[in-house]
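Coordinates in review
Listed below are the residues making up each chain.
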Amino acid sequence: MTDIFEAIQRSAIRIKNAIDTKDIGYSNQANSSGETQLQLDIQCDMIIEEELSHVLSVNTIASEEKEHPMQLNKNGKYFIAYDPLDGSSLIDVNLSVGTIYGIYEGDFGSKNMVASCYVVHGPRVEMVFAHNKVKLHLLQGDNWEFVKEIRLSEKGKLNAPGGTQQNWTDYHKEMVDGLFKEGYRLRYSGGMVPDLHQILLKGGGLFSYPATSDKPEGKLRRLFEVFPFAFIYKLAGGEAINGKEDLMTLSHAHVHDTSPCFFGSKYEIQRVKEVYANN
Ligand SMILES: O=P(O)(O)OC[C@H]1O[C@](O)(COP(=O)(O)O)[C@@H](O)[C@@H]1O
Ligand SMILES: [Mg+2]
Ligand SMILES: [Mg+2]
């Protein structure tokens, strides 16, 4: 696992460099989810592919920017699914973006996840790695420094409701409004990495990306967005559900499958469960 951790650290430094210096224009290609790729999406994908290809324990990689999984080392035991540049549509307005990794053993699938990680590219570059514990690291020059272990409180103050509101169900809207009536504050940038990072570091709250009339299966991808954050939130003492079930019990049929998702501390997830159980 240490060699993967170090490959992720090297990738993050190269991605920071690419963000700082490269063209942010659109390519003329679309990815498997039908989104137009930025040249930077493709470049970050190539950086990670190259760094992971040097790690003998990595068997296969799957990326938001690749249609199919790619085998790297047939004797490796780890399968890594990643989103090279999460929130890439926020690059042109200079908001924070990130990279997400799900690390699976034996094959892709929620039950096989053994570690997960994300990197936040904001005013500073930070990395959260979850493997037994959830640990925050900070990039200082070219060196990574351990900062602290992250634990969620039982109840937070932030509410990050994703998805187009006019396509929400009435009961979802009621649940979101209910939290605001209890005093929760809105924090939603449109990048799941900084939005979920903020909730983790500020003690708790709720991030939701529900099923909507235009996206009945949600928007966020199971293998490289939903499961990695579910793993992190649960290990930090929070919960992660699709409305009713624990996200880490869900299967997937295809690499780019999506799921509605709710991540938060225990109190907010209990509220979601109460509302969704009756609908
Ligand atoms: O704009 P919306 O519908 O709220 O969607 C925001 C979500 O889409 C994403 O940007 C999807 O990620 P990509 O940029 O990797 O496609 C998430 O980071 C974010 O939570
Ligand atoms: Mg993403
Ligand atoms: Mg992406």
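Residues numbered from 1 in each chain as written. Chains lettered and ligands numbered in written order. Predicted model: local features only at pLDDT ≥ 70, side-chain atom pairs only at ≥ 80, totals over all residues. Heavy atoms only, no water.

Naming follows an unreviewed UniProt entry, where the chain appears as Fructose-1,6-bisphosphatase class 1 of Sulfurimonas lithotrophica. According to its UniProt record, the chain has this under Subcellular location (unreviewed entry): "Cytoplasm". Heading Subunit (unreviewed entry) of the UniProt record for the chain holds this comment: "Homotetramer." (UniProt positions renumbered as here; feature names shortened; annotations may be inferred.)

Glancing now at the environment of lysine 66. Along the chain, lysine 66 turns up in the loop between strand S3 (58-63) and strand S4 (70-71). Exposure remark for lysine 66: the relative accessible area of 10% places this residue in the buried category. Note: C-alpha distance between lysine 66 and serine 32 (34 residues apart in sequence) is 7.1 Å. Those residues in contact with lysine 66 that lie beyond four places of it in its chain are Ser32, Asp45, Glu49, Ile61, Tyr82 and His256. (Helix = DSSP H or I, 4+ residues; strand = E, 2+ residues; numbered from the N terminus. Buried < 20%, exposed > 50% of the residue type's maximum accessible area, 1.4 Å probe, protein only. Contact = heavy atoms within 4.5 Å.)

With that settled, the discussion passes to the coordination of the magnesium ion (ligand 3). Only Glu64 (OE), Asp83 (OD) and Leu85 (O) from the protein reach the magnesium ion (ligand 3) as donors, at distances of 2.0 to 2.4 Å. Read in sequence order, the donor residues coordinating the magnesium ion (ligand 3) give the pattern E-x18-D-x1-L. In this structure, the magnesium ion (ligand 3) lies 3.7 Å from the magnesium ion (ligand 2), and both are coordinated by aspartate 83. Remark: leucine 85 occurs in strand S5 (residues 78-86) and glutamate 64 occurs in the loop between S3 and S4; sequence separation between them is 21 residues. According to the relative accessible area criterion, glutamate 64 is buried, its value standing at 5%. (Donors = N, O, S within 2.8 Å, 3.2 Å for Na, K, Ca; no water.)

The next thing to look at is the coordination of the magnesium ion (ligand 2). The magnesium ion (ligand 2) binds to the protein through Asp83 (OD), Asp86 (OD) and Glu225 (OE); the donor distances cover 1.9 to 2.0 Å. As a motif over one chain, the donors of the magnesium ion (ligand 2) read D-x2-D-x138-E.

Moving on to the nonpolar core. Within the largest apolar cluster, 42 residues are counted, with the highest numbers of intra-cluster contacts made by Tyr118, Phe207, Phe229, Tyr233 and Phe263. In terms of residue count, helix H5 (residues 222-235) provides more of this core than any other element does, 9 residues in total. Two domains each donate at least three residues to this core, and these are domain 1 (2-149) and domain 2 (158-277). In terms of nonpolar packing, the next biggest core, distinct from the first, is built from 33 residues, Ala7, Ile47, Val119 and Leu139 among them. (Core = buried A, V, L, I, M, F, W, Y, C linked by side-chain atoms within 4.5 Å. Domains from an automatic or database assignment.)

Pairing is mixed across the open sheet formed by 5 strands, whose spatial order is S12-S11-S13-S15-S14. Two strands close off the open sheet at either side, each with one partner strand: strand S12 (185-186) and strand S14 (239-241). Taken together, the 4 bridges between strand S13 (residues 205-209) and strand S15 (residues 261-264) define a ladder with antiparallel strand orientation. Looking across to S15, one finds that serine 208 is bridged to phenylalanine 262. Together, strand S11 (158-161), S12, S13 and S15 form the strand contacts of helix H3 (residues 170-181), whose direction differs from that of S11 by roughly 155°. Contacting S11, S13 and S15, helix H4 (residues 192-201) crosses the sheet at an angle of about 155° to S13. (Pairing = 2+ DSSP bridges. Axes fitted to C-alpha atoms, helices over the stretch in contact; angles between N-to-C directions.)

Roughly 430 Å³ of volume is contained in the largest pocket. As for the largest pocket, its lining consists of 26 residues, of which Glu35, Gly87, Ser88, Ser89 and Lys219 are closest to the centre. A breakdown of the residues in the lining of the largest pocket according to their chemical character gives 9 nonpolar, 8 polar and 9 charged. Both domain 1 (2-149) and domain 2 (158-277) contribute no fewer than three residues apiece to the lining of the largest pocket. By volume, the second largest pocket amounts to about 340 Å³. (1 Å grid on protein atoms, 1.4 Å probe; cavity = no way out; pocket = protein on both sides within 12 Å on 5 of 7 lines; lining within 4 Å. Points joined across faces, edges and corners; volume = space filled by probe spheres on them. Nonpolar A, V, L, I, M, F, W, Y, C, P; charged D, E, K, R; others polar.)

Residues in contact with ligand 1 amount to 18 residues; listed here are only the nearest, Asp86, Gly87, Tyr188, Met192 and Tyr209. A distance of 2.8 Å is found between an oxygen atom of ligand 1 and a backbone nitrogen or oxygen belonging to glycine 87. With respect to ligand 1, the side chain of tyrosine 209 contributes an N or O atom lying 2.6 Å from an oxygen atom. Bound to the protein, ligand 1 loses 84% of the 480 Å² it would expose on its own. Applying the majority rule of atoms within 2 Å of the grid points places ligand 1 in the largest pocket. Looking at the shell around ligand 1, the elements that each hand over two or more residues are S5 and S13. (Near = heavy atom within 4 Å. Polar contact = N/O pair within 3.5 Å; in protein donor to acceptor, adjacent residues only side chain to side chain. Areas by Shrake-Rupley, 256 points an atom, 1.4 Å probe, with all protein chains shown as cover. Sits in = over half its atoms within 2 Å of the grid points.)

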